[in-house]
Amino acid sequence: MRIPVGTAVAAGSIVALAIVPPITEALREPFYLGLCLRLMILAIAAISLNLILGFGNMVSFGHAAYMGIGAYVVGIGAFHAVEDGIDWLANGFLHVPLAIAASSLAALVIGAISIRTRGVYFIMITLAFGQMLYFVGVGLEVYGADDGLSLYMRSDFGDVLDINDNTRFYYLVLALLLATLYGTKRLVASRFGLVIRGARSNERRLAAIGIPVYRYKLVAFTVAGAICGVAGVLLANRTDFVSPDMMHWTRSGDLIIMVVLGGMGTLFGPLYGAAVLVLVEEFLSGVTEHWQIVFGPLLVLVAVYARGGIAGALRALERRRG
Amino acid sequence: MGEPILRLRGLTKRFGGLTATDSVTLDVVEGEVHAVIGPNGAGKTTLVGQISGEIRPDRGRILFAGQSITRGPVHARALLGIARSFQITSVFLDFTVAANVALAVQAHAGHSFRFWRDAASDDALIEPAAEYLGLVGLSDRTDDVAATLSHGERRQLEIAMALATAPRLLLLDEPTAGMGGDESARMIDLLRSFKGRFTILLVEHDMDAVFALADRITVLDSGRILVSGPPDDIRADPAVRQAYLGDGDT
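Everything numeric here is computed off the predicted structure, so don't read it as measured data. (Residues numbered from 1 in each chain as written. Chains lettered and ligands numbered in written order. Predicted model: local features only at pLDDT ≥ 70, side-chain atom pairs only at ≥ 80, totals over all residues. Heavy atoms only, no water.)

Chemist: Please clarify how the overall build of chain A should be interpreted in this entry.
Modeler: A count of helical and extended segments in chain A gives 14 helices and two strands. A globule of 322 residues ought to have a C-alpha radius of gyration of about 20 Å, and chain A, at 20 Å, matches this closely. Overall, chain A is about 60 × 50 × 40 Å in size when its C-alpha atoms are taken along their principal axes. Going through the 322 residues of chain A one by one, you find that 50% of them count as buried. A fraction of 78% describes how many contacts in chain A between residues 6 or more apart in sequence connect residues 24 or more apart. Across chain A, 23 positive and 20 negative side-chain charges occur, with their mean positions spaced 25 Å apart. (Helix = DSSP H or I, 4+ residues; strand = E, 2+ residues; numbered from the N terminus. Rg over C-alpha atoms; globule rule 2.2 N^0.38 Å. Buried < 20%, exposed > 50% of the residue type's maximum accessible area, 1.4 Å probe, protein only. Contact = heavy atoms within 4.5 Å. Lys, Arg positive; Asp, Glu negative; His and termini not counted. Charge placed at Lys NZ, Arg CZ, Asp CG, Glu CD.)

Chemist: Looking at this structure, how should I read the interface of chain A and chain B?
Modeler: Interfaces are often sized by the accessible area lost when the parts come together. Each partner contributes to the interface: chain A provides 27 residues, whereas chain B provides 37 residues. A salt bridge links aspartate 122 of chain B to arginine 191 of chain A, with the nearest nitrogen and oxygen atoms 2.9 Å apart. Scanning the region where chain A abuts chain B turns up 18 residue pairs in polar contact (both at pLDDT 80 or more). Of all the secondary-structure elements, those providing two or more residues to the side of chain A that touches chain B are α7 (166-189), α8 (191-201), α9 (203-208) and α10 (213-239) of chain A. (Salt bridge = Lys/Arg side-chain N within 4 Å of Asp/Glu carboxyl O. Polar contact = N/O pair within 3.5 Å; in protein donor to acceptor, adjacent residues only side chain to side chain.)

Chemist: Sorry, what's going on with the environment of aspartate 58 of chain B here?
Modeler: Residue and element names in this part refer to chain B. Its location among the elements puts aspartate 58 in the loop between α1 (44-52) and β4 (59-64). Owing to a relative accessible area of 37%, aspartate 58 belongs among the partly exposed residues under this scheme. It is 7.0 Å that separates the C-alpha atoms of aspartate 58 and arginine 14, two residues lying 44 residues apart in sequence. For aspartate 58, the residues in contact, after removing those within four places along its chain, are Thr12, Lys13 and Arg14. At 2.6 Å, the side chain of aspartate 58 forms a polar contact with the backbone nitrogen of arginine 14.

Chemist: How should the side chain of arginine 77 of chain B be read in this particular structure?
Modeler: Residue and element names in this part refer to chain B. Position of arginine 77 among the secondary structure elements: in helix α2 (residues 74-80). One buried charged residue, arginine 77, remains without a salt bridge, the closest side chain of opposite sign being glutamate 54 at 10 Å. Filtering out sequence-adjacent residues up to four positions away, arginine 77 remains in contact with Gln50, Ile51, Ser52, Gly53, Ile62, Ile69, Thr70, Arg71, Gly72 and Ile82.

Chemist: Is there a simple way to explain the environment of arginine 116 of chain A in this structure?
Modeler: By the secondary structure assignment, arginine 116 of chain A is in the loop between α5 (92-114) and α6 (119-139). Here the side chain of arginine 116 of chain A touches alanine 112 of chain A through a polar contact of 3.3 Å, landing on its backbone oxygen.

Chemist: Whenever I open this one, the sheet that holds strand β10 (residues 224-229) of chain B confuses me. Can you help?
Modeler: Remark on secondary structure: sheet strands pair via backbone hydrogen bonds, oriented parallel or antiparallel. Residue and element names in this part refer to chain B. Strand order in the open sheet formed by six strands is β6-β7-β8-β3-β9-β10, with mixed pairing between adjacent strands. The strands lining the two open edges of the sheet, one partner per strand, are β6 (82-85) and β10. In this sheet, adjacent strand axes meet at a mean angle of 15 degrees when their direction is disregarded. Judged from the four bridges that link them, strand β3 (residues 33-37) and strand β8 (residues 200-203) form a sheet pairing that is parallel. Looking at the pairing, histidine 34 lines up with leucine 201 of β8. Its contacts with the sheet place helix α5 (residues 151-164) against β6 and β7 (169-173), and it is angled at close to 160 degrees to β7. (Pairing = 2+ DSSP bridges. Axes fitted to C-alpha atoms, helices over the stretch in contact; angles between N-to-C directions.)

Chemist: Help me understand the nonpolar core, please; the structure alone is not making it clear to me.
Modeler: As a rule of thumb, nonpolar side chains are buried together in soluble globular proteins. Ranked by internal contacts, the top residues of the largest apolar core, which has 140 residues, are Leu177 of chain A together with Leu157 of chain B. The element that contributes the greatest number of residues to this core is helix α3 (residues 30-53) of chain A, accounting for 17 residues. Per-domain counts for this core show at least three residues from each of domain 1 (1-81 + 167-250) and domain 2 (94-166) of chain B. Leaving out residues up to four positions away in the same chain, leucine 177 of chain A has contacts with Leu17, Met40, Ala43, Ile44, Ile47 and Leu271 of chain A. Judged by nonpolar contacts, the second largest core, of 21 residues, contains Ile5, Val36, Ile62 and Ile69 of chain B. (Core = buried A, V, L, I, M, F, W, Y, C linked by side-chain atoms within 4.5 Å. Domains from an automatic or database assignment.)

Chemist: Quick question: what am I supposed to make of the domain arrangement of chain B here?
Modeler: Residue and element names in this part refer to chain B. In terms of domain boundaries, chain B breaks down into domain 1 (1-81 + 167-250) and domain 2 (94-166). Each partner contributes to the interface: domain 1 provides 20 residues, whereas domain 2 provides 15 residues. Interface of domain 1 and domain 2: buried area, both sides summed, is about 1,200 Å²; carbon and sulfur atoms make up 67% of it. At the junction of domain 1 with domain 2, the criterion picks out zero salt bridges. (Buried area = accessible area lost by both parts, 1.4 Å probe.)

Chemist: I tried to follow the pairing of β8 of chain B on my own but got confused; where do I start?
Modeler: The two faces of the sheet receive side chains in turn, since in a regular strand these alternate between them. Residue and element names in this part refer to chain B. Burial of the side chains of β8 extends over both faces: Ile200 and Leu202 are buried on one face and Leu201 and Val203 on the other. Two elements, β7 and β8, share four bridges in a ladder whose sense is parallel. Opposite aspartate 173, over in β8, you have valine 203 as the bridge partner. Each parallel crossover has a hand, and the one from β7 via helix α6 (residues 181-193) to β8 is right-handed. (Right-handed = clockwise from strand over helix to strand, strands pointing away.)

Below is the structure:
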């Protein structure tokens, strides 16, 4: 039996991620552990964006805002735990559900308004909401305003898991990444997923066969926001720092780039996109601080010659081989 | 004669200075094929759009199965049993043929907030879908992507999707448009096999199709009903001959 190229690359990527900790430890390069940690967290956020952008054709330009909300839940909790000695506010079992609740509520409200629009208007409205939340962050004087907030303690998961240990934290994030991938796979193939993909394909037809499209798109938008909120919890803990910059529209743009570069509407595309963006940024910025001069044209090439992104290119490769 | 399932009462729609639908009062009787004909720009598609809910009428009422649906949204009307095909074929091009119909089945099988089970292996969707595909003669294309279908086959697929929604009224907007002679004849045969089983409001340019299928014909001109009646009366009507049938074989 021959293994398809796409499957091989996907499995290879997961295995590669799984063996990062022992390698970085052997080489005494903890920096790269942190780098891959960031890569996986951004991949989770990009997967959540792909759910609505790639599968549902909703180009949300404010998706980083939900990541910021999740991060601020951790940041504010840790702040009061340290400053005011309210220990339970650092509890990770509180942070995660609270982040999900807050980010999905925000997505519900933002989605309820923006999903009534289409195309470029949808992009502009989600961008506007994202920037609104960014400026809310800038306005939080107590929590460092635009300087942000340093975390003096990470989310506390008690005896269950100590995420102060970066290796354990790494495997937690890897497990969540795999869970997100599997959940997305199921969701996209389910009845709900069929409706969302139908909305991308032909929304007018969807209504004509009797499906109230709006409410399904809104639920998808909310679910994506909730997942991105969890990514925010992880990112805050990874960086030990929270700031409004996490919600800036350029961060949302990065997530879109990851999805487009990796392959819209594909399962593993956002992971590939996140990997390329994080690694290219790291290595090119070591060569020149104007690394975006190199990265920009690369993106243009993908947009012009490889519409399906990396995952699409793998698929084309498989077809040529077959 | 049966009961009317669809009643239009004084339906009027203006686009700027143009009156696309002008006080149209019309009954579609259950079980009948009711054809709407008229020259280009007579307002046929606008009329269909108002019945399906994509276009809001300015005045008048639409009653379906005794219930007012004048202002309801498209999906709500579809759930009541109004299915439509579009003048320009409208299917989910990147879905397989089976998935297209499965989605239409799903639309009428309760809510779709089911997030986990694989829809493509869900017998409750796949089996009825296969049945409707058999009905329109697409059984051998089930697993093909809809984009690979010919124009005629896409039309057949659209009909299968309409049937899958358990329709009480089929709104067919030019089902033979853009078809070759053979394809067109096959579509007419298919629609003829529906006679008596479905109520159909048929908008059509092809007079052969209209006279082969219709129990009743309404002639529209500039948004107004010129005349309405059984096919033989329409054929004999001097006003119709002059306004429509007279100008060649369009």
